[in-house]
Amino acid sequence: MEGNRWKMLRAKLSPTFTTSKMKMMFPIMADVAAKLRDALLEMKGDQKVEIKDLLVRYTTDIIGTCAFGIECNSFKDPEADFILFGKKIFIESNIRKTINFFTFVFPDFMRSLGVRQLPKDVTDFFMKVIRETVSYREKEKVSRNDFLDLLIQLKNNGKLNTDNGHHNKETDSLPEYENSPNLTIEQVAGQSFVFFLAGFETSSSTLSFCLYELACNEDVQTKLRDEIESVLQKHNGELSYEAIAELKYMDMVLSETLRKYPSVPALNRICTMDYKIPQTNLLLEKNTQVIISIDGLHYDPQYYQDPHKFIPERFSDENRGKIPQFAYLPFGEGPRTCVG
Ligand code: HEM
């Protein structure tokens, strides 16, 4: 999706990802985390685990419940529809294609809201799920404090309800788009679907790589475990939004994971005007497609000494500032940066 249509939707949807909205959804996410813990506890000591598979179930359940408002139950039922249809998009159609999908094909995919380029049974499934859920919620006046509730507000009112009746700069859409049309049910379904696709594979692969690095680097693992135990102790053993925010070393470990294994290896842009790259004779003409290699930047020894080594300390308060802003791009950059 490009131009004004993208701008309008982005302006409407960005407020659904604010800190306060994330806090609101936190208990839903914590419930799914508890199910992951239970699934792990049920395993026997010497049982082999395909961790990527388990984490796909975890992120599918999180996004299914936050974006679609549906309990996918993937831990109890590995054959659940969401898992099967998710696999159909991502696993059966080779991983390389998936990566390319996010980088080069993403704008086209967004233009059509993704749906027409995918197998019809997959799009029919997601469309049906959203139509039924929205219709049920509207009829029964059910509210779940989740992302779908926010999309329903955008469908019915064109903007989000204000918190406690007060305007809040976090929750108001940008003023120039305040009077843009409400979302249609197709746009609600399309957006939920985009979030499902953009979210579950990126997050589960990041978590898998993180666990892999923790297994390879026991010192990092011990330090991280100590941090988690001490923060949880301070919060009476309770996992909360505030407790997570205190996990500084965890943040460093995840940042380093995203450096070594960015989910999206390259960014894709199209020049909207002629642009001369400063201090060179290079002119990028309007409509030129530009591909920025995230992998290339993240492994450039000019920015990261020993780039193949897993060193979370690169992202300590002291060191983080030494990394040039555009040499670390796991979530992209600029107005199109990852919304999730
Ligand atoms: C580890 C997790 C994730 C990573 C590494 C990641 C990475 C990215 C990257 C690199 C982009 C392209 C940005 C650009 O072109 O500048 C992107 C876009 C996007 N991401 Fe993510 N993402 C993650 C999780 C999520 C989640 C959980 C969601 C939603 C629930 C999400 C929704 C989106 C959307 C909607 C876009 C398109 C934004 C636009 O074009 O305006 N992502 N993501």
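About the criteria used
- Residues numbered from 1 in each chain as written.
- Predicted model: local features only at pLDDT ≥ 70, side-chain atom pairs only at ≥ 80, totals over all residues.
- Heavy atoms only, no water.
- Helix = DSSP H or I, 4+ residues; strand = E, 2+ residues; numbered from the N terminus.
- Polar contact = N/O pair within 3.5 Å; in protein donor to acceptor, adjacent residues only side chain to side chain.
- Contact = heavy atoms within 4.5 Å.
- Axes fitted to C-alpha atoms, helices over the stretch in contact; angles between N-to-C directions.
- Parallel < 35°, antiparallel > 145°, perpendicular 65-115°, else oblique.
- Left-handed = near helix turned anticlockwise from the far one by under 90°.
- Nonpolar A, V, L, I, M, F, W, Y, C, P; charged D, E, K, R; others polar.
- Core = buried A, V, L, I, M, F, W, Y, C linked by side-chain atoms within 4.5 Å.
- Buried < 20%, exposed > 50% of the residue type's maximum accessible area, 1.4 Å probe, protein only.
- Salt bridge = Lys/Arg side-chain N within 4 Å of Asp/Glu carboxyl O.
- pLDDT = per-residue confidence, 0-100.

Novice: So, the side chain of His-235: which residues are in play, and what are the values?
Specialist: Looking at the element boundaries, His-235 is found in the loop between α9 (218-234) and α10 (241-245). In this structure the side chain of His-235 is engaged in a polar contact, spanning 3.0 Å, whose partner is the side chain of Glu-246. Excluding residues within four positions of it along the chain, His-235 makes contact with Ser-240, Glu-242, Ala-243 and Glu-246.

Novice: Quick one: what's the story with the packing of helix α7 (residues 147-157) against helix α8 (residues 185-216), residue by residue and with numbers?
Specialist: Taken N-terminus to C-terminus, the directions of α7 and α8 make an angle of 150 degrees; their axes are 10 Å apart at the nearest point. Overall, the two elements α7 and α8 adopt an arrangement that is roughly antiparallel. Note on packing geometry: the crossing formed by α7 with α8 is right-handed. Seen from α7, the contacting residues are Phe-147, Leu-148, Leu-151 and Lys-155; seen from α8, they are Ile-185, Val-188, Gln-191, Ser-192 and Phe-195. Residue composition of the contact of α7 with α8, by class: six nonpolar, two polar and one charged.

Novice: Now, about the nonpolar core: what can you tell me, with residues and values included?
Specialist: Among the nonpolar cores identified, the biggest contains 36 residues, and Phe-68 and Ile-130 are the most heavily contacted of them. When contributions to this core are tallied by element, the ones reaching two or more residues are α2 (19-41), α3 (51-68), α6 (120-140), α7 and α8. When residues of this core are assigned to their parent elements, the largest contribution, nine residues, is made by α3. Within the second largest apolar cluster, 14 residues are counted, among which are Cys-210, Val-253, Ala-327 and Tyr-328.

Novice: Please set out the pattern of salt bridges residue by residue, giving values where relevant.
Specialist: Here the idea is simple: oppositely charged side chains can pair when their charged atoms come close. The full count for this structure, using the stated rule, is 15 salt bridges. A salt bridge links Glu-213 to Lys-260, with the shortest nitrogen-to-oxygen separation between them at 3.0 Å. Of the two residues, Glu-213 is situated in helix α8 and Lys-260 in helix α11 (residues 248-260); the sequence distance between them amounts to 47 residues. As far as burial versus exposure is concerned, Glu-213 and Lys-260 are alike and both buried. One salt-bridge network, in which partners are shared between bridges, spans Glu-256, Arg-259 and Arg-314.

Novice: If you had to explain the confidence of the model for the protein chain to someone new, which residues and values would you point to?
Specialist: When pLDDT is averaged along the protein chain, the result is 80; 76% of the residues meet or exceed 70. Of all secondary-structure elements in the protein chain, the lowest mean pLDDT belongs to helix α5 (residues 95-111), at 49, while α11 reaches the highest, 98. Counting contacts from residues 109-116, a segment whose pLDDT is below 50, to residues more than four positions away or on other chains yields 19 contacts. Predicted confidence for residues 163-173 stays below pLDDT 50, and this span has 21 contacts to residues more than four positions away or in other chains. Predicted complex, confidence summary: ipTM 0.97, pTM 0.81.

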